[in-house]
Amino acid sequence: GFIKLYYILQKKLTAFMGLRESKPTLPLDDAIRRVQPEDYDRIRQTFKRYGGHKETISQMTFIRDILAEVPSRISEELYLAFGGHPTKGISFKDLFCGLVLLSNGTIEEKIRFLFATISGNHGQVCLEDVTRLWNLSFSSPLPENFKSDFTHPMNVTKFTTWTQENRGISDFTKWLLSSHSILLSDDVYVPTFHETLAEYCKLSKKDVWDLERKFYLLKSKSETSKFDLKFFNTITSPPLPMRISTELFKWLDQNKDGYLDIVEMAKGVAYLCRFENTKRIQTMFNLFDKDGDGVLSRQELREALEELFDLLYRNQLEMVPVQQKINLDSEVDEILKTCIEGDKTRESLSLTEFINWGSRDGCVLEELLKVMFQLCHIVFGLRPQSREDERDVIKGYMVREMREKLQEGTIKYLIANPWFNSWQDFVEYDPRSTLVRYSNKHSKHHVNKPSKQKRNKQTDNTYYQEEYEQYEVAADNEVRKYHGPGPINNKILCQYDARNKACSVLTGEGGILKQGQQEDVHFVTLPEPVWKALASWYEGTYPLPRVAYTNRDTGNIELELNPINLAFLKHTSFPSRYQASKQGETGGITALSIFQYFMNLSGAGPSSPVGQPQNLNAPGVLNPIYRQHSYYGAFSRYATIKQIQEFIVGIFKLKSEEVRLWEMGDDETPILLEEEEKSLEELGYTDKQRILIEIRNKDNSWPEEVIQVMRKVQRQESEKGNVPQAVGQGKVLKGCTGLTNLGNTCYMNSAFQCLSNTPLFTQYFLVGRHLKELNKINPLGTKGVLAKRYGELVHDLWSGNNRTVAPIKFKWTLGRFEPQFNHFTQQDAQELLSVLLDRLHEDLNLVINKPYKELPDSGGRPDFEVSQEHWDYHLKRNRSIVVQLFQGQLKSIVRCKECGYTSVKFDPFTFLTLPLPADSDTNIDVFLIRLGGKTPERYSLKIDIEAHYSDIKLRLEKESGVKKEEIIFTDVYAGTVRSIVPENQKIKCVLTGQLYAFQIPPCPIVEPTARADSPDTIFRQRKLSQLTKPSQDLPTENNITATPCINGDIELKPLKASSTLDEEEMVQGERFIFAFHRKCIPTDTYFVTSQKSRPQIFAQPICIPFTPGNTNRTLYEYVMESTKRLLSDLPESCDTGADNKPEFPFNLKMVYKDGVTCARCPWYTFCRGCPIPCDETAIVSNVSFIGIDWQPGVLHLRYQYSEEKAIIDKTPRELQQLPNETPVDLHQCLEAFSREEELGGDERWFCKKCDGLQSATKKLEIFRLPPFLIIHLKRFQFTNGRWAKSQVPVTFPFSDLQPIPSESEPQQPNSEIGMLQAATPNDINKEIEITPVEPEDHTSRNKVYDLYAMTTHYGYLGGGHYVSFAKSEVDDNWYYYNDSSCKQTDENRVSKEPPYLLFYKQQGELNIEKISGELHDFQTENDSDDESEELPERSRFKCPVM
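Residues numbered from 1 in each chain as written. Predicted model: local features only at pLDDT ≥ 70, side-chain atom pairs only at ≥ 80, totals over all residues. Heavy atoms only, no water.

K.L.:
What is the right way to look at the overall build of the protein in this model?
P.N.:
The helix and strand inventory of the protein stands at 45 helices and 49 strands. Here the analysis covers contacts within the protein between residues at least 6 apart in sequence; of these, 72% occur between residues at least 24 apart. Per element, the accessible surface of the protein, about 68,700 Å² overall, is 49% carbon and sulfur. (Helix = DSSP H or I, 4+ residues; strand = E, 2+ residues; numbered from the N terminus. Contact = heavy atoms within 4.5 Å. Areas by Shrake-Rupley, 256 points an atom, 1.4 Å probe, with all protein chains shown as cover.)

K.L.:
How do you make sense of the sheet that holds strand E11 (residues 557-559) when you look at a structure like this?
P.N.:
Consider a sheet: its strands pair through backbone hydrogen bonds, and that pairing is either parallel or antiparallel. Taken together, the 4 strands give an open sheet; going across it, the order is E9-E5-E10-E11, and neighbouring strands pair in antiparallel fashion. With partners counted over all chains shown, the strands left at the sheet margins are strand E9 (523-527) and E11, one partner each. Taken pair by pair, the neighbouring strands of this sheet meet at an average axis angle of 35°, ignoring direction. Two strands pair when backbone bridges link them, and strand E10 (residues 545-550) and E11 are joined in this way by 3 bridges, in the antiparallel orientation. Of the residues in E11, the one forming a bridge with threonine 550 is isoleucine 557. Across the sheet, helix H22 (residues 387-403) lies against strand E5 (411-416) and E9, angled at about 95° from E9, the strand it touches most. Docked against the sheet, helix H25 (residues 528-538) engages E5 and E9, running at close to 100° with respect to E9. (Pairing = 2+ DSSP bridges. Axes fitted to C-alpha atoms, helices over the stretch in contact; angles between N-to-C directions.)

K.L.:
Sorry, what's going on with the sheet that holds strand E8 (residues 504-505) here?
P.N.:
The strand order across the open sheet built from 6 strands is E8-E13-E12-E16-E14-E15, with neighbouring strands paired in mixed fashion. Each edge of the open sheet is held by one strand with a lone partner, namely E8 and strand E15 (670-672). Strand direction decides the pairing type here: strand E12 (residues 564-571) and strand E13 (residues 627-635), joined by 8 bridges, are antiparallel. In the sheet register, isoleucine 564 faces E13, and the bridge partner there is phenylalanine 635. Sheet strands touched by helix H27 (residues 641-651): E12, E13, strand E14 (659-664) and strand E16 (689-695). Its angle to E14, the strand with the most contacts, is close to 125°.

K.L.:
Before we go on, may I ask you to explain helix H21 (residues 365-378) in this structure?
P.N.:
Three- or four-residue spacings in an α-helix give side chains the same orientation, since the helix completes a turn every 3.6 residues. In this model H21 runs 20 Å from its N-terminal to its C-terminal C-alpha over 14 residues, within 8% of the 20 Å that 1.5 Å per residue would give. Within H21, burial applies to Leu365, Glu367, Leu368, Leu369, Val371, Met372, Phe373, Gln374, Leu375, Cys376, His377 and Ile378. (Expected span 1.5 Å × (residues − 1). Buried < 20%, exposed > 50% of the residue type's maximum accessible area, 1.4 Å probe, protein only.)

K.L.:
Quick question: what am I supposed to make of helix H4 (residues 59-66) here?
P.N.:
Where burial is concerned, most of H4 is hidden: 6 out of the 8 residues are buried. Packing partners of the buried residues in H4 comprise helix H3 (37-51), strand E1 (56-57), helix H5 (72-82) and helix H6 (92-104).

K.L.:
Sorry, what's going on with the pattern of salt bridges here?
P.N.:
When their charged atoms lie close together, side chains carrying opposite charge are able to pair. Counting across every chain of the model gives 55 salt bridges. Put simply, arginine 861 and glutamate 869 hold a salt bridge, and the shortest N to O gap is 2.9 Å. A salt bridge links glutamate 937 to arginine 930; the nearest nitrogen and oxygen atoms lie 2.9 Å apart. Judged by its relative accessible area of 19%, arginine 930 is buried. What emerges from the salt-bridge pattern is a single network uniting Asp30, Arg33, Arg34 and Glu109. (Salt bridge = Lys/Arg side-chain N within 4 Å of Asp/Glu carboxyl O.)

In structure tokens form, the structure reads like this:
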């Protein structure tokens, strides 16, 4: 009934808002007839793109993407009027008919549509409907003359007449009743990047696409992910000499930023392959002219010839004997003698003379041009234009490969002989011929070429042209037709492939080679670049890569034709109804899902009755988990496990510590591969050997460890609540057992391992003493449940029979009583340890009735007396092993600053939390934009967090030399200016974007003769009056903005709370104008033409100085001056059409503060900004923002995006060092802990003498030390409204730590605390020896400690990883605990780690006084193990004070 009522009310509400079951837009058939078929198809495809499988698009998409320029209130009304549903969306039919009505509907049809929209279901338009129509555009009341027209409701006829007479009633009606409210298509053409680049480079669009795809493929293989010189040399040298390769890179890198982009590469490839030979030779001249003086000196010419001859020799099939090598000096003399025109004494070649020499037939330069031609096609991905080009390119690489000796690690590809022979016939390839060879007739400067049979040139060319034209056309078709050798097919080389087709091949193997296949009989080998080129041109299949190796029997380097094919497995997804969280699913197993299943299985989960384990075979409990076969890979039999793991880490882009490999045997039992240096041959692996790839989950758990626990549960299903903890069984040193990460539980594991290595504490649980002292009625405890769980886990860790233990029961028990640890998110190790010790203390507290009394103040009494009084009272309430071993006492001194009254108190502590000494400064990045379009400068200024932006101006003035009066701070985000940052705002206030400092010229002096009634003065006064209006919703008094005075000075006025300024607030009349870079991104899928090419903001804004009298041309000139560094010079052959013919490569337009819409035109014109003509007209006085519309050709070819991102780092040298480079000593932290602090403001202290809150000083001192001292370094701090982690390195002593300096005042004797004879964990069968001791005459200041454990945290807040280190009491060695891993280490490794928790034990023999008193009667004989037992209601055991 409620649902039915809901839909009735919703229907009435939508009817009231103008929604009806059907709207009179247009019938679908009529709408289709009114548009072009291509427009209908485009809109249909666009709808599918936005709607997907839902067949509707949402209201948000309609408002944001379809009618983005229309005000949202009007868009919402139209959405409902078209037939859209608020939650279900709008169908294609309703949307299409509505859009056609807006674009091609008649005035009468639109008026009827408007009538139906505002009239609802009552069929008439009344005053209320017209008022709602008015409110769509205006916030003011409806004018009285319109009200009088609707004293009586109007029908559709009267409303039509009235609307035609009052079209301008609102912006909505003006737009709706125009001839074309929207356009579905237009003839505006914006060239794409690929079209512009192809036209300039004389390439086809397909060539550009191929080059772009190859460019990004190569770039992804770079170590830096950038196309830098180092990577360029690795792919071009060889075959190019290193020096020529380097010079070629410098020539290609036109913007000199040290990296190549796709435009630079495409230009270079086109220049070397598609331009005339003269341009190519000119490029070679530029490579050899190293000093850039425009001529080649004798030395430069000699070096060039040396490189050219060396290249020529290395490209021949046979090595030229040494005695036949060229005399370079005589060659240089001959060239200078025959090529220099005019002055024969000159020893240099001009560009023209070099071109004439390089154009000679058989010139040695021809070989370099050929090699570069080959590189462009083979390496950079350009498709050959003819069969002759294809033959020469492949032939050049093949000849060089025949000259080179096979090197170990070289990769070659096998290709079937039948296909390769077919290809040779197609391109007329003769493998027996060689490349050109330089003649011994040096003076002729020619090259002897292989002889050819004379052919009928005209006949051959005609035949070739016809055949190749068919071939080229076919290459561009969607369904390719081959007139050549057809697709590469190596299937005949491969045996029957029984491999799983769903599994991908990591090493690129297309199949398994048949036995007995021989080179030159069944296949030929190709260099890797040649295979990849042929495969891209002919769509190669069945790739067969082979790696060269050294045969250990013969010592020869040869290809391994039959490598070992391994089958790789991975973990499947976990198909269980308990998969409540996807966190940590990397690798396929969710620790949370399995954990919840365990708890339900044991009867301890929240969804199952206590003590009733669920049936494992019940539907939906747990589906089987498989290790799924997912990959294949072929590796050499000499490859080691370490090499295979490194390969897998690289291909999956993981870290080495995130991957483990397991050998899978026939019995499905995985064996961890720990012998990394063993090869596959030594391990006896053959084809189809299965290897399990285990990837650590995002929650840091290992899937295989969790699976092993699950298997144990399945085998022990019948045992009540038997959830095992031991997972990896095997003999290990006692205490050297790892803990399984159950999902972000590294914080728990690290803290537990440190606590487990506390000798007396662990021995206490190993001998079962805790079972005798359980306090099951303590309301602050867990009825002893957590203590028993902790004891069980300690037994497992110290049994010496388990390599890994899964703390499942302990984790669930802890989360049961402490909900903050019931989830699988990262937590703080110190917080976990604090809660654990507190709960264990309450479970083991021997005090039943806790007395309460208010302790008196010190009253000037001696510290010893007051301390003992507080400690005695503490022991009367708290008696447990935790108190005896871990708790000490702090002295707190508070002194009133008003009256001098001093209060001294003593409080117990378990953790000594030490601050990290640090100042209150912070680093602020300021980006300074100087006048004249210079490269932005970044200043990282170290300044006090409480400082104001005026302080930053002073610092910036000192560092940059720019006067503070010429600096304006702005908040720049996404290329636009969000706000002007006021000077007296504190820097700790968070900005939306980045802090930019624009330099503006000094304030001009305004002539006093300006008329008060002039238009400029009136406008300026009106703007200033708007700017100085007080804001109604100021959050703080610091929220202010800068506004200009009449004389140009900056004064401060309140800023709106939104931190985003209105246009009036951004107007800076006399001082500056902000300009935003804009570019149009064309798209083929759009609904209306406004979507076709919407402007997009990019780059940093420009601040243009503005003074009265500036002209529009001044704006253009200043923008050109500011952006000239962003534009590269095109080569002489550049011909980009009309885009570069105007004087300026951009147009300026007046825009609103968002940079996208026009500042002058109403929204319904859909204007992107009114053009600003480049003339001598004075700048319009109210221009505040302008858009820089770059011409597409210039943006695609000349705009340097790398230069746009260039920043000069002006950070002071002292701040350029690594942060927190200087380590802090632990003693400095102890000193900072005892440093006096001020209590003021909200932290004022209540002074008993003054009887009120007063400012005071507070100081803490360590007064009494425990046997085991836990030091917590306060790395995580809440500052400036957010949490942050300090990365300060801290040095700490391993021995002889004296927390209280010896020069401190003597403290009290350590009475009451006795000593417990130290027992090692090996003494598990011995009873703890309890001996009473008399108070010793020693003080806490004399206690000295040794380090025995440490917890460290890697990473930052909200992530990272906890590990721990501990010194074993068994063999006195240090061990490294990383979840399930436990490895021996040394003090040197530990000393280099960043400490978070430090565990120290007191030197000397440790004893503890036997606590007097017997256990109370609540420790009954029936010590129930039931964790859900209710507390007995016995009033005498209730704690009087909780």
